[in-house]
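As a plain string of letters, each chain reads:
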Amino acid sequence: MISFFLKRLLLLIPVFLAVSVVIFMIVHLVPGDPIDNLVQINSSPEQKAALAARYGLDKPLYQQYAIWLGKALTGDLGDAIILRRPVSDLIAQNLPHSLSLGALALLFSTVVGIAAGVLAAIYKDSWIDRVTMTLILLGSTVPSFWLGLLLIMLFAVQLGWFPVSGARSWDALILPVLTIGLGGVALVARVTRVAMMETARKDFVMMLHAKGVPPWQIELRHVLRHALLPVVTILSLRIGWILGGAVTVEFVFARPGLGSLLITSLNQRDYPVVQGALLMLAIAVMLGTLLGDIVQAAMDPRVRERIK
Amino acid sequence: MRFTSKTRLLASSMLVSTSMLGLAVAASAQEATFVVSAQNVGTPSYNPINGTQLNDAITLIFDRMVIQDADQTFHGQLATEWESTADGMSWTFKLRPGVTFHDGEPFNAETIVWWIPQFADTENAFMTAAIESVEVIDDLTVRFVMKNPDPNLLSNMSSGFMSIPSPKAFDALGDDFGVTDAVGSGPFRLESFTVGQETVLSANEDYAWASDLSENQGAPHIKTLTFREISEDSTAFLELSTGGVDLLYSVPTDFLPRLEAAATVQVGTMPGTGLFYIPINTTVEPFTDIKVREAAAFAINQKEILDNLYGGVGSVANTFLIDSLLAANVDPALRISYDPDRSNAVLDDAGWVMGSDGVREKDGTRLQVALWTQNGTEFKRVTEVVQAQLKAVGIGADITVFDSATINDQYRKGTDHQLAVRSYSWANADIIDWFFSGQRLGYPNVSMWNDAKAEEMNLAAMSGSRTWEERVANFTAYHEYVLSQFVFAPIYQPVQIYAYDKEAISVPETIRGTRLQSQTVVDITVN
């Protein structure tokens, strides 16, 4: 198990390097320039050139990349050009908000998604299955931007239960969590339902029925346990997605977080911040995948066997 | 039984007392929450000296030497009197006595001696570039010795970028000034600042030096003021309509019907500082021909755009400058306002013949041009109407939409664009220099206009004027020449629209100054 973990961890190094190149190139090759956002009306071309030199933007791209990567490997993500703070400070200030939103949304989509999937699988082809799957279809197709505004209209404006936006109180988290979580519920429920139905057809399940084990015990204790394997994979992949996918939700709900930071910095072409935030999201995806692999190995003896 | 009655009485009394206390606390909690304009979301710091983006809270933390009113007149804030010599080579300012910064440091002539050199080598150096040195006449009088005359000096000094920080705090905090703390002499102190989220201010109870634009000459009525940053206009609107915030600094025109329908919301407008226009690339066919430029300029029906897209809110633009600027008073014959007959006549004269599909042709070439715009509903809608208006005189236009952060790079290529829909926000005639100087071809001179006579007039306007009157005359002449060459087509002048919860706060009916700034905020009361 430890060698499996180390092997997977080593594999992340080339992936990290490749991702860092892609992030750097995307950020720099997109037209636009942070200096445009720094200069004042009446500034001269010489002043612009001096500013570019001050931030090292006059160097060849490969040199800029080498400097950035070298510093990033030591934990220094540089200073924001526009926001004028260390990038690591900005990330440290915003990451907790993204993590709490992401973790709660993941928890919500896991619990509700698995419950909905189990219900739909147990009552396959009944009205419960059809209603659940219709709601799931709606949940997976409604854009989060629009869903967020709908939830605000209903729960904040009409009913007055929650604040419209911000992050000043705990209840300000509920609508954003629902907005992000509902998309995840749809995905988890679909995967759970299919996996439950596939597992239910396996020989060992028939054996359990033949032995007279109560159906609820078979579904929840045996079938669900086997069906959870693909669900864990999906959930681990969603860790990174939830952090990055919160971009529009943070925007609609005017919440702090990596998403808001990314949008603000992207609009201003604040290269170091965009690079730093994207790198964090990429690391979250990589670690999420690693975590998924480990959990899968821990849950499934066959995976452990394959490693040996 | 007796005991029970007493206990009940005591409990009731405590309840009433607690409620009364609660009410008293609520009444004294003079708190308000304002939302900054969406375009100011992400303002990085409150450092006026090296900041290039500042939001409206800057004028609450800091004071300026002078404030400009909506009628362009200047009113003293930290300066009480000023005068310049006839040759413009010297300015003398009398300073307001009794002013202290939030850290207790005094404001006096020594502050100004320290302040002006701070601008050297910053992005805002141009603000003080004409000042050679500052001399102390007495503790409350300074003289600026000029390198060259700068009649725009007062305008610069009324800008938020020339807000005056506490020298002691500025030197002590270094690069952190405006980021971790900001110390000025304004009506509010900075309590906390989270970039992209909110700024919390508390009233400066010592404040007693408001300008004559404010009714309230003492400390602000609002004791705790929070500035929230909300990017999405719909969210800001919903916050206002549910009482989550008390005032929106900026409201898009298309929200007006909904806001006006809300029982608790009061909407106000004040003169704008922005203008929509169409730069015409003078270096690319067919716009190398002034007649085609003239035809395109007179094809734009400004009134139709004002009425149909903006519901009549704002005003048409017929020159390159906002109406409140003196240099906007040009020869009426040079104003560009919708005249399709003139467009058709000049195109006929230039040999462009109307084709069967409604697009003109000349020597086998169709009058089909590229019309660029940036993303955003407002830009797209204006551009689509412009496309239809051009088509009405036989000019076909293909719209391309660019990301707002990308489009300036595209302009710099110089030859790919022909027409574009753009806007600016700036309340000074020197915006003509920024967008039409031959030194800045591509961007910001999207018209790619490089004309010897214009450059001469630019020089006279920018650095050849000794007095304000001379500057106005030089800029008016430069402006008239720009208009005569049809290097752009004016479209629309938006107004500044603000909205507030009239049950929560009371805002003066007339907003003094060019924006909703400290001079008005000190007069706002919490109901």
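Details of the structure are given in the entry above.
Since this is a predicted model, take the numbers as computed values, not measurements.

What counts and how
Residues numbered from 1 in each chain as written. Chains lettered and ligands numbered in written order. Predicted model: local features only at pLDDT ≥ 70, side-chain atom pairs only at ≥ 80, totals over all residues. Heavy atoms only, no water. Helix = DSSP H or I, 4+ residues; strand = E, 2+ residues; numbered from the N terminus. Buried < 20%, exposed > 50% of the residue type's maximum accessible area, 1.4 Å probe, protein only. Contact = heavy atoms within 4.5 Å. Areas by Shrake-Rupley, 256 points an atom, 1.4 Å probe, with all protein chains shown as cover. Lys, Arg positive; Asp, Glu negative; His and termini not counted. Charge placed at Lys NZ, Arg CZ, Asp CG, Glu CD. Axes fitted to C-alpha atoms, helices over the stretch in contact; angles between N-to-C directions. Parallel < 35°, antiparallel > 145°, perpendicular 65-115°, else oblique. Left-handed = near helix turned anticlockwise from the far one by under 90°. Nonpolar A, V, L, I, M, F, W, Y, C, P; charged D, E, K, R; others polar. Core = buried A, V, L, I, M, F, W, Y, C linked by side-chain atoms within 4.5 Å. Pairing = 2+ DSSP bridges. Salt bridge = Lys/Arg side-chain N within 4 Å of Asp/Glu carboxyl O. Arc of directions from axis to C-beta. Patch = residues over 30% accessible without salt bridge, like charges linked within 9 Å, V, L, I, M, F, W, Y side chains within 5 Å. Buried area = accessible area lost by both parts, 1.4 Å probe. Polar contact = N/O pair within 3.5 Å; in protein donor to acceptor, adjacent residues only side chain to side chain.

Please clarify how the overall build of chain A should be interpreted in this entry.
When you go through chain A residue by residue, the secondary structure sums to 14 helices and 0 strands. Reading chain A from its N end, one meets helices and strands in the order α-α-α-α-α-α-α-α-α-α-α-α-α-α. The C-alpha extent of chain A, read off along each of the three principal axes, is 85 × 60 × 30 Å. Looking at the 308 residues of chain A, the share that counts as buried comes to 47%. The contacts in chain A between residues at least 6 apart in sequence include a share of 76% that link residues at least 24 apart. Of the roughly 15,100 Å² of accessible surface on chain A, 70% is carried by carbon and sulfur atoms. With 25 positive and 18 negative side-chain charges, chain A shows a separation of 7 Å between the mean positions of the two kinds.

How should I be thinking about the environment of A:V22 in this particular structure?
Structurally, A:V22 can be placed in helix α1 (residues 2-29). For the pair A:V22 and A:D270, spaced 248 residues apart in sequence, the C-alpha to C-alpha distance is 17 Å.

Looking at this structure, I do not really get the packing of helix α6 (residues 127-141) of chain A against helix α8 (residues 174-200) of chain A. What am I missing?
Between two packed helices, what matters for the description is the angle formed by their axes and the separation of those axes. Residues and elements named next belong to chain A. Axis separation between α6 and α8 bottoms out at 8 Å; the angle between their running directions is 135 degrees. Here α8 runs oblique to α6, going by the angle between their axes. Where α6 crosses over α8, the handedness of that crossing is left-handed. Contact residues: α6 offers D129, M133, I136, G139 and S140, while α8 offers L182, G183, A186, A189, R190 and R193. Residues of the contact of α6 with α8, tallied by class, amount to 5 nonpolar, 3 polar and 3 charged.

In this structure, what is going on with the nonpolar core? I would like to understand it.
Grouped burial of nonpolar side chains is what soluble globular proteins tend to show. Core analysis: the biggest nonpolar cluster contains 99 residues, and B:F34, B:M65, B:F93, B:I112, B:W115 and B:F144 have the highest contact counts within it. For this core, the leading source of residues is helix α13 (residues 271-299) of chain A, giving 9 residues. When neighbours within four sequence positions are excluded, B:F93 is seen to be in contact with B:M65, B:A79, B:E81, B:W82, B:L140, B:T141, B:V142, B:F144, B:L153, B:L154 and B:M157. One finds B:L321, B:V386, B:F475 and B:V487 within the second-largest nonpolar core, a separate group that totals 65 residues.

Would you mind showing me how to read the sheet that holds strand β4 (residues 79-84) of chain B here?
Where strands meet in a sheet, backbone hydrogen bonds hold them as pairs that are either parallel or antiparallel. All names here are of chain B. Spatially, 4 strands are ordered β4-β5-β7-β6 in an open sheet, and the strand pairing comes out antiparallel. Edge strands, defined here as strands with exactly one partner in the open sheet, are β4 and β6 (131-138). Pairwise comparison of adjacent strand axes, ignoring direction, gives a mean angle of 20 degrees for this sheet. Pairing of β6 with strand β7 (residues 141-146), which is carried by 6 bridges, proceeds in the antiparallel orientation.

Any chance you could explain the pairing of β4(B) here in plain terms?
It is a general feature of regular strands that their side chains alternate between the two faces of the sheet. All names here are of chain B. As paired strands, β4 and strand β5 (residues 90-95) are joined by 5 bridges and run antiparallel to one another. Bridge pairing in β5 links W82 to F93. Linking β4 back to β5 in an antiparallel pair, the connection comprises 5 residues, with G88 at a positive phi of about 75 degrees.

How should the pattern of salt bridges be read in this particular structure?
When the charged atoms of two side chains with opposite charge come close together, those side chains can pair. For the coordinates displayed, the defined rule picks out 20 salt bridges over all chains. In this structure, B:E198 engages A:R168 in a salt bridge whose closest nitrogen and oxygen atoms are separated by 3.2 Å. Residue B:E198 is found in strand β9 (residues 198-203), and its partner A:R168 is found in the loop between α7 (144-158) and α8; the two belong to separate chains. A salt bridge links B:E205 to B:K223; its shortest N-O distance comes to 3.3 Å. Separated by 18 residues along the polypeptide, B:E205 in the loop between β9 and β10 (224-228) and B:K223 in the loop between β9 and β10 bring together distant segments of the chain. For B:K223, a relative accessible area of 30% puts it in the partly exposed group.

Please explain helix α9 (residues 302-310) of chain B as it appears in this structure.
Think of an α-helix as 3.6 residues a turn; residues three or four steps apart then line up on the same face. All names here are of chain B. For α9, the set of buried residues is Q302, I305, L306, L309 and Y310. Buried positions in α9, seen along its axis, are confined to an arc of 105 degrees and lie on one side of it. If you follow the buried residues of α9, they end up packed against β13 (274-279), β14 (315-316), α11 (377-392) and β22 (488-493). Positioned one or two residues after α9, G311 has a phi angle of 55 degrees, which is positive.

It is not clear to me how a nonpolar patch on the surface should be interpreted in this structure. Could you clarify?
All names here are of chain A. Nonpolar side chains collect at one region of the surface, where L119, I122, Y123, W216 and L220 lie side by side and expose about 500 Å² of accessible area between them. Among the elements of the structure, α5 (87-122) and α10 (215-245) are those that each provide at least two residues to the nonpolar patch. For I122, the position within the fold is in helix α5. Since its relative accessible area comes to 37%, I122 is described here as partly exposed.

Is there a simple way to think about a negative patch on the surface in this case?
Where like charges cluster on the molecular surface, the negative patch consists of A:D76, A:D79, A:D89, B:D175 and B:D176. Inspection of the secondary structure assignment puts B:D175 in the loop between α5 (167-173) and β8 (188-194). For B:D175, a relative accessible area of 73% puts it in the exposed group.

Explain the interface of chain B and chain A to me, please; I cannot follow it from the model alone.
It is common to report an interface's size as the accessible area lost on association of the parts. Listed as interface residues are 47 residues of chain B and, on the opposing side, 39 residues of chain A. In total, about 3,500 Å² of surface goes out of reach between chain B and chain A, with carbon and sulfur atoms giving 50% of it. At the junction of chain B with chain A, the criterion picks out 2 salt bridges. With a shortest N-O distance of 2.9 Å, B:D403 and A:R269 are connected by a salt bridge. Where chain B packs against chain A, one counts 8 residue pairs in polar contact (both at pLDDT 80 or more). Going through the elements one at a time, β8, β10, α6 (233-241), α12 (407-412) and α13 (431-436) of chain B are the ones with two or more residues in the side of chain B that touches chain A. Here the side of chain B that touches chain A is composed, by residue class, of 15 nonpolar, 19 polar and 13 charged.

Which parts of the structure should I look at to understand the packing of α5(A) against helix α12 (residues 258-267) of chain A?
Residue and element names in this part refer to chain A. For the pair α5 and α12, interaxial distance at closest approach is 7 Å and the crossing angle is 135 degrees. Accordingly, the angle class assigned to the pair α5 and α12 is oblique. Contacts between α5 and α12 involve L90, I91, N94, L95 and S98 from the former and L258, G259 and L261 from the latter.

Where do I start with the sheet that holds β8(B) in this structure?
Residue and element names in this part refer to chain B. Here we have 7 strands laid out as an open sheet, ordered β8-β9-β10-β1-β11-β23-β12, and mixed in their pairing. This sheet does not close on itself; its edge strands, each paired only once, are β8 and β12 (265-270). The pairing of β8 with β9 spans 6 bridges and is classified as antiparallel. In the strand pairing of β9, T194 is matched with E198.

I tried to follow the side chain of B:S214 on my own but got confused; where do I start?
All names here are of chain B. Examined against the element boundaries, S214 turns out to sit in the loop between β9 and β10. Owing to a relative accessible area of 8%, S214 belongs among the buried residues under this scheme. Not counting residues up to four positions away in its chain, the partners in contact with S214 are Q519, V522 and D523.

Just distances and angles here, no functional claims.
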